[in-house]
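If you want the building blocks of each chain, they are given just below.
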Amino acid sequence: MLDHGTLFLARIVAIGCVGLLLIIVWLQDRGDRTPLIWSIGYGLFAGGLLLITLRPSLPWFVGFPLANAVIVAAYALNWAGLRVFDGRRILWLPTLAGPVLCAAAYMAPGVGDDYRARAFIVTALAVAYSIAMVVDVVRGRGDGLRTRPALAAILGVNATANAVRAAHALTMAPNFDMMGVSDPILSITGLVSLLAVLAANLLLMAMAKERAAAAVRRLADTDQLTGATARAPFLAAVAARTDTAHAEGEPLSVVVFDLDGFKAINDRAGHEAGDALLRRFADTVRAVLPATGSFGRIGGEEFAVALTADADEAARIAEAVRLGYAATAAETMEATPTVSAGVAALVFGEDVESLFARADKALSAAKAAGRNRVERATALNR
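Residues numbered from 1 in each chain as written. Predicted model: local features only at pLDDT ≥ 70, side-chain atom pairs only at ≥ 80, totals over all residues. Heavy atoms only, no water.

1. Concerning the packing of helix α8 (residues 231-248) against helix α12 (residues 352-368)
Packed helices, taken two at a time, are described by the angle between their axes plus the distance between the axes. In contact at an axis separation of 9 Å, α8 and α12 are set at 110 degrees when each is read in the N-to-C sense. It follows that α8 is roughly perpendicular to α12 by the angle criterion. Side by side, α8 and α12 meet where F234, L235, V238, A239 and T242 of the first sit next to V352, L355 and F356 of the second. (Axes fitted to C-alpha atoms, helices over the stretch in contact; angles between N-to-C directions. Helix = DSSP H or I, 4+ residues; strand = E, 2+ residues; numbered from the N terminus. Parallel < 35°, antiparallel > 145°, perpendicular 65-115°, else oblique. Contact = heavy atoms within 4.5 Å.)

Take a look at the structure:
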């Protein structure tokens, strides 16, 4: 059986190395403070364990209250780092309260000389912070990161190991010396906790990498000027919606928009004015589009939306976009810019190419009829 002293040394070396690794990770991307906060936390953890191993040669306050308060502070900073990762503010009062409470409790009469009380206090606080971390990891699951469940599970394992240590501490003798006497439960739970801490670090870095990759994918799928979905991912999404609409018997309509005379405006007023019009149009669409709608830029000044709606509802939304764009875009132009739109509703058995072809034909009809209008596609002949 691995004795507790040897395990302490292994934990100091391993956790200290992890802290250094996290600093290197942070130096590569200083925009994310999470690795920095966790590196400080791991550094404190290793420092607290080192103080405990050096306890016989240190003043009592340093070897007992301070050493264990530092370990609790490490858990508190790891929790704070997770909140920063998810864009939440650090709750400073509970973050600082744990270490302060630990040090104050150790100074209370009868606690400092009683192993049971000391061990229960530090492990109970570690459990509390671990549970807080699990809760925050689960709360952030809306971002779809697949690493989250594994991190939550590992943090739960660490919480369980510390809970076992807390319960076991109450069964020990008041004068028990964990550095001098081997105890199987302390050794096993200590090893489990060490492995969980190391695994949590690896999973946190994996989660950060996964989030960065997702951000790159979103960047590639998004038109940077307007924020609309780029052409290829938009058309792929509408194709998937077409299949779903057929399978579930839901309505689906597409509206294709084209900004009238955009090239002339761009040439006359300049590209900055043209870009401003494109952004204003996109803002107008987002203000009108239902939450379930899809919005994409499929050409220079050509956009499209897909809606779970029939032709009447889609035409109503298209008309709201037409009027809203004219009202907002006129604020930046001497003349009032306009937009034309073509509406097509999916019919039974129709594919996405046919759906867009009919919407494009309706758009051409709107242009031919004088622009600044919404036209509906003709029925599909079978």
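There's plenty left to go through after this.
2. Looking at a nonpolar patch on the surface
A contiguous nonpolar surface patch, about 370 Å² in accessible area, is contributed by W60, F61, L66 and M107. It is helix α3 (residues 60-85) that contributes the most residues to the nonpolar patch, three residues altogether. Of note, L66 is situated in helix α3. Accessibility expressed as a relative area gives 33% for L66, which makes it partly exposed. (Patch = residues over 30% accessible without salt bridge, like charges linked within 9 Å, V, L, I, M, F, W, Y side chains within 5 Å. Areas by Shrake-Rupley, 256 points an atom, 1.4 Å probe, with all protein chains shown as cover. Salt bridge = Lys/Arg side-chain N within 4 Å of Asp/Glu carboxyl O. Buried < 20%, exposed > 50% of the residue type's maximum accessible area, 1.4 Å probe, protein only.)

3. Here's the deal with the pattern of salt bridges
Here the structure, examined in full by the defined rule, presents 18 salt bridges. R148 is the salt-bridge partner of D86, the closest N and O atoms lying 2.3 Å from each other. Here D86, found in the loop between α3 and α4 (92-107), pairs with R148, found in helix α6 (residues 148-169); they are 62 residues apart in sequence, far enough to count as distant. Take D86: its relative accessible area is 23%, and that puts it in the partly exposed class. Using a relative accessible area of 3% as the deciding quantity, one classes R148 as buried. Residue R297 is joined to D223 by a salt bridge in which the shortest nitrogen-to-oxygen separation is 3.1 Å.

4. Some points on the packing of aromatic side chains
Here the structure, examined in full by the defined rule, presents ten aromatic pairs. Cluster of aromatic residues (ring-pair linked, three or more members): F257, F281, F295, F303 and Y325. Of note, R55 hangs over the ring of F64, and the distance from its end group to the ring centre comes to 3.8 Å. (Phe/Tyr/Trp six-rings, centres within 6.5 Å; stacked < 30°, edge-to-face > 60°. Lys NZ or Arg CZ within 6 Å of the ring centre and 35° of its normal.)

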